[in-house]
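Close look at the chain arrangement
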Amino acid sequence: MARKIFKRYMPDVHKIRDHKHLQFFGKLLHNPNLWHLNRRSVSRAVAVGLFMAFVPMPFQMVPAAALAIMFQFNLPIAIALVWITNPLTTGPIFYFVYKLGTVMLGRPAHPLLFQPTWDWLMGELHWIWQPFLLGSFTVSCASAIVGFLLVRGFWRIHVLYDWHKRKKLRQPEQSPR
C-alpha cells in the first residue's frame, strides 16, 4: 500500500515527540492526526510543505509546522518538504522565480551582479522585489497544487493496483482442459 512507502522514510514518532528541543510544543505533538499516513493527511502535508518551500522567508519550517499542527496534517512530511530550498538550492531556485516574475510582468530582467553585502541587497531590492515575489508566489501555488494532485493520484493508482493484486490472489486458478 502507498502508506508503506511513506512509512519507510518516516522518523520515529516517539523520538520526535520526546525531543528536548520540541518540548515547547507541549501536548500539541501528541495529537495522533499529526502522524497519520493516509491519503488526505499526506497530500495536504505535501501541499503545505511545497508551498512554504518557495516562500522567501527565513525559518520556513515554523509556519509549515504551525499549519500542519493547526489543520492536523502529517507534520514530518510538511517540515521535510520545506528543505527543498536549502543553502545549496536557494540561489538557483530564487533566480528562477525572479526570471519567471519578470516574464509574467513583461519586464526585462535587471542585470544582477551578485555581491553578498547589505548595500548591494538594498540597492537591488528596488528593481527585483516585484518580479521576485510574484514568481515566488506563482511557484509556491503551482508546486502545492501539483504536489497535492500527484500524491492523490499516486495514492489512488497504488490502492487500485493493490486491490487488483488481491483480487487475482483470491480467484482460484483455472486449469486448462
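Residues numbered from 1 in each chain as written. Predicted model: local features only at pLDDT ≥ 70, side-chain atom pairs only at ≥ 80, totals over all residues. Heavy atoms only, no water.

Our next topic: the overall build of the protein. The helix and strand inventory of the protein stands at seven helices and zero strands. Burial status across the protein gives 32% buried among its 177 residues. Within the protein, residue pairs in contact and separated by at least 24 positions form 70% of the contacts whose partners lie at least 6 positions apart. For the protein, the exposed area adds up to about 12,300 Å²; of that, 68% sits on carbon and sulfur atoms. (Helix = DSSP H or I, 4+ residues; strand = E, 2+ residues; numbered from the N terminus. Buried < 20%, exposed > 50% of the residue type's maximum accessible area, 1.4 Å probe, protein only. Contact = heavy atoms within 4.5 Å. Areas by Shrake-Rupley, 256 points an atom, 1.4 Å probe, with all protein chains shown as cover.)

Here we take up the nonpolar core. Within the largest apolar cluster, 23 residues are counted, with the highest numbers of intra-cluster contacts made by Leu29, Leu34, Val42, Val46, Met52, Leu75 and Ile77. Those elements that provide at least two residues to this core are helix H3 (39-53), helix H4 (61-71), helix H5 (75-82) and helix H7 (118-170). Top element by residues in this core is H3. It accounts for six residues. If sequence neighbours within four positions are ignored, Val46 has contacts with Ile77, Leu81, Gly147, Phe148 and Val151. Judged by nonpolar contacts, the second largest core, of eight residues, contains Ala53, Val97, Tyr98 and Val139. (Core = buried A, V, L, I, M, F, W, Y, C linked by side-chain atoms within 4.5 Å.)

The next point concerns unusual backbone geometry. Here Phe59, not a glycine, exhibits a phi torsion of approximately 55°, which is positive. Along the polypeptide, Phe59 turns up in the loop between H3 and H4. Of note in the backbone geometry, Gln72 takes a positive phi value of approximately 60° without being a glycine. Mapped onto the elements, Gln72 comes out in the loop between H4 and H5. Classification of Gln72 by relative accessible area gives partly exposed; the value is 37%.

Residues of H4 that are buried include every one of Ala64, Ala65, Ala68 and Ile69, and no others. All buried residues of H4 lie within an arc of 130° about the axis, which places them on one face of the element. When the buried face of H4 is taken as reference, the exposed residues oriented beyond 90 degrees from it are Val62 and Met70. Among the structural elements, H3 and H5 are those in contact with the buried residues of H4. Taken from the residues just after H4, Gln72 is the one with a positive phi, measuring 60°. (Arc of directions from axis to C-beta.)

This part is about a nonpolar patch on the surface. A contiguous nonpolar patch, built from Trp118, Met122, Leu125, Trp129 and Leu133 and spanning about 540 Å² of accessible area, is present on the exposed surface. Looking at where Trp129 falls in the secondary structure, it is placed in helix H7. By relative accessible area, which is 41% here, Trp129 ends up partly exposed. (Patch = residues over 30% accessible without salt bridge, like charges linked within 9 Å, V, L, I, M, F, W, Y side chains within 5 Å. Salt bridge = Lys/Arg side-chain N within 4 Å of Asp/Glu carboxyl O.)

For the pair H3 and H5, interaxial distance at closest approach is 7 Å and the crossing angle is 25°. As judged from the angle between their axes, H3 and H5 are roughly parallel. Between H3 and H5 the crossing geometry is right-handed. Of the residues in H5, those touching H3 at Val42, Ala45, Val46, Gly49, Leu50, Met52 and Ala53 are Ile77, Ala78, Leu81 and Val82. By residue class, the composition of the contact of H3 with H5 is 10 nonpolar, one polar and no charged. (Axes fitted to C-alpha atoms, helices over the stretch in contact; angles between N-to-C directions. Parallel < 35°, antiparallel > 145°, perpendicular 65-115°, else oblique. Left-handed = near helix turned anticlockwise from the far one by under 90°. Nonpolar A, V, L, I, M, F, W, Y, C, P; charged D, E, K, R; others polar.)

With the rule as written, the count across this model stands at two aromatic pairs. With a centroid separation of 6.0 Å and 25° between ring planes, the pair formed by Phe71 and Phe73 is classed as stacked. For Phe73, a relative accessible area of 12% translates into the label buried. Ring geometry for Phe94 against Phe132: centres 5.1 Å apart, planes inclined by 85°, an arrangement best described as edge-to-face. Pair noted here: Phe94 is in helix H6 (residues 90-105) and Phe132 is in helix H7, with a separation of 38 residues, a long-range link. Phe94 sits in the partly exposed class, given a relative accessible area of 21%. The class for Phe132 is buried, based on a relative accessible area of 17%. (Phe/Tyr/Trp six-rings, centres within 6.5 Å; stacked < 30°, edge-to-face > 60°.)

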